[in-house]
Amino acid sequence: MTALPLAERPPLARGRLVAAVVALALGGFAIGTTEFVTMGLLPDIAEGVGIDIPTAGHVISFYALGVVVGAPVIAALGTRLPRRALLLGLMAAFIVGNALTALAPGYGSLLAARFLAGVPHGAYFGVASLVAASLVAPHLRGRAVSSVMLGLAIANVAGVPAATWLGQEFGWRSAYWAVVVIGALTIAAISAVVPGAPGNRAATVRSELGALRRPQVLLTLVVGVVGFGGMFAVYSYVAPLVTEVTGMSRGTIPWVLFAFGLGGVVGTALGGRLADLALFRSLVGTMVATGVLLALVPLAARTPVTIVALIFTVGAAASALVVCLQIRLMQVAGEAQMLGAALNHSALNAANALGAWLGGLVIAAGLGYTAPGMVGAGLAALGLVALTASAVLRRRELRALADAHPAPTAAPVEVPAAR
């Protein structure tokens, strides 16, 4: 992986470094919990505010919309601010959004609260990734970023099931109050152990948003939207897949989701190491693996053992892909690294909407619950097309650079004339 041009700092003691990364990951755990617990509590939320379940699904969409809008706006406006202060402000806004969710008296106020809760999501991961990468040596930056992302993965294994149980036992609002508590703990932890770091005083909103004119940034965002959208095409309909096709009971669905979350933890940890070894090759490899696995859904769905194994491996491959995308965007965004890292989460939420929509189309067309697997494989193939275009463009850039600055040739050796 090419070293990111991050500000160098004296190395931290190992204990302080681990504590700082854990504090940053705790914020990711809080964000992952609030993002996905809504799906598990959707019937309870619908009953609580007096709407039907399909209408309640818009609550999820409004959170995703907040992520898509908030990530680039906050990253561009906040790049000059001190990093730790920005992290604390983002987590404070996150707490407010979730507290308003828990207090929402009706459907309209609930939608507004979920939008507000989603606004800091992408920017937090962008700033936290940048801070974590600045704390370690260049050859360890992939692992540092993946450690922050690990909080999001662990939320799917532990935070979401626990918050879902809490919401079912004590009312859906209690789940969001629990998220508020985790957010407050994150603020305390960041304040205590994350070192302060200055913002980029030379940056402007125009220079930050200028990253969106970079072809490599746009191509990487396309990879995130279409490539990761393939995973969501399957994951969005995993419950009916395992019950209607595999023949498993409804009671096994949480275990299938647990397998996906566990795969996500493994893949997130692996993704950082792969990125440190060879970022672009790892990006291609994880995309290929994700596409092949999604294409195997019709075969794997025949037995419980094979479908659970497949869901686990899809979770691992897709999560490794997310980490590689995060670091790739930080790399190609130039000086606008915070924006690049934040935009990854905008892309992933757009991928969520795209994948769920296309998966629903093929199911509605009567092709069955295994058809989203082929949709996912097709989207992964499109992601590979975008990666190929990125590689070709890079070769052209290097060739143009070599032509503009040719290597100096050795001076000719003068041979003395014969006497």
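Whatever comes next refers back to the structure up there.
Let us look at the structure shown here.

### Quick word on the packing of helix H12 (residues 279-295) against helix H14 (residues 304-332)
Between H12 and H14, whose axes approach to 9 Å, the crossing angle comes to 150 degrees. Between H12 and H14, the angle falls in the class roughly antiparallel. As H12 runs across H14, the sense of the crossing is left-handed. Every residue of H14 that contacts H12 at Leu-279, Phe-280, Ser-282, Leu-283, Thr-286, Met-287, Ala-289, Thr-290, Leu-293 and Leu-294 is listed here: Leu-310, Thr-313, Val-314, Ala-317, Ala-318, Ala-320, Leu-321, Cys-324, Leu-325, Ile-327, Arg-328 and Gln-331. Here the residues of the contact of H12 with H14 sort into 16 nonpolar, 5 polar and 1 charged.

### Here's the deal with the pattern of salt bridges
It is possible for side chains of opposite charge to pair when their charged atoms get near one another. By the definition in use, this model includes 1 salt bridge. With its nearest N and O atoms 3.1 Å apart, the salt bridge here joins Arg-143 to Asp-276. One end of the pair, Arg-143, is in helix H6 (residues 141-170); the other, Asp-276, is in helix H11 (residues 253-277), and 133 residues separate them in sequence.

### Details of the packing of aromatic side chains
Taken as a whole, this structure holds 6 aromatic pairs when the rule is applied. Ring centres 6.0 Å apart and planes at 80 degrees place the aromatic pair Tyr-124 and Phe-125 in the edge-to-face group. Comparing Tyr-124 with Phe-125 shows no difference in burial state: the two are buried.

### Observations regarding the environment of Asn-344
Mapped onto the elements, Asn-344 comes out in helix H15 (residues 337-364). Each C-alpha atom of the pair Asn-344 and Gln-326 lies 5.8 Å from the other, and the pair is 18 residues apart in sequence. Setting aside its immediate chain neighbours within four residues, Asn-344 contacts Val-322, Leu-325, Gln-326 and Leu-329.

### Some remarks on the side chain of Thr-186
Counting through the fold element by element, Thr-186 comes out in helix H7 (residues 172-193). With a relative accessible area of 0%, Thr-186 lands in the buried category. A distance of 2.9 Å separates a polar atom in the side chain of Thr-186 from the backbone oxygen of Ile-182. If sequence neighbours within four positions are ignored, Thr-186 has contacts with Ala-23, Leu-26, Gly-27, Met-91 and Tyr-124.

### A word on the nonpolar core
One finds Leu-24, Leu-87, Tyr-124, Val-194, Phe-228, Met-231 and Ile-307 to be the most contacted residues of the largest nonpolar core, which totals 94 residues. Among the elements that line this core, the one with the most residues is H14, at 15 residues. Setting aside residues no more than four positions away along its own chain, Leu-87 makes contact with Leu-24, Tyr-124, Val-127, Ala-128, Val-131 and Ile-190. Counting 13 residues, the second largest nonpolar core, distinct from the first, contains Ala-102, Leu-111, Ala-163 and Tyr-176.

### Remarks on a nonpolar patch on the surface
A contiguous nonpolar patch, built from Leu-65, Val-68, Val-69, Val-73 and Leu-77 and spanning about 390 Å² of accessible area, is present on the exposed surface. Its place among the elements puts Val-69 in helix H3 (residues 53-78). You can call Val-69 partly exposed: its relative accessible area is 38%.

How each quantity is defined
Residues numbered from 1 in each chain as written. Predicted model: local features only at pLDDT ≥ 70, side-chain atom pairs only at ≥ 80, totals over all residues. Heavy atoms only, no water. Axes fitted to C-alpha atoms, helices over the stretch in contact; angles between N-to-C directions. Helix = DSSP H or I, 4+ residues; strand = E, 2+ residues; numbered from the N terminus. Parallel < 35°, antiparallel > 145°, perpendicular 65-115°, else oblique. Left-handed = near helix turned anticlockwise from the far one by under 90°. Contact = heavy atoms within 4.5 Å. Nonpolar A, V, L, I, M, F, W, Y, C, P; charged D, E, K, R; others polar. Salt bridge = Lys/Arg side-chain N within 4 Å of Asp/Glu carboxyl O. Phe/Tyr/Trp six-rings, centres within 6.5 Å; stacked < 30°, edge-to-face > 60°. Buried < 20%, exposed > 50% of the residue type's maximum accessible area, 1.4 Å probe, protein only. Polar contact = N/O pair within 3.5 Å; in protein donor to acceptor, adjacent residues only side chain to side chain. Core = buried A, V, L, I, M, F, W, Y, C linked by side-chain atoms within 4.5 Å. Patch = residues over 30% accessible without salt bridge, like charges linked within 9 Å, V, L, I, M, F, W, Y side chains within 5 Å. Areas by Shrake-Rupley, 256 points an atom, 1.4 Å probe, with all protein chains shown as cover.

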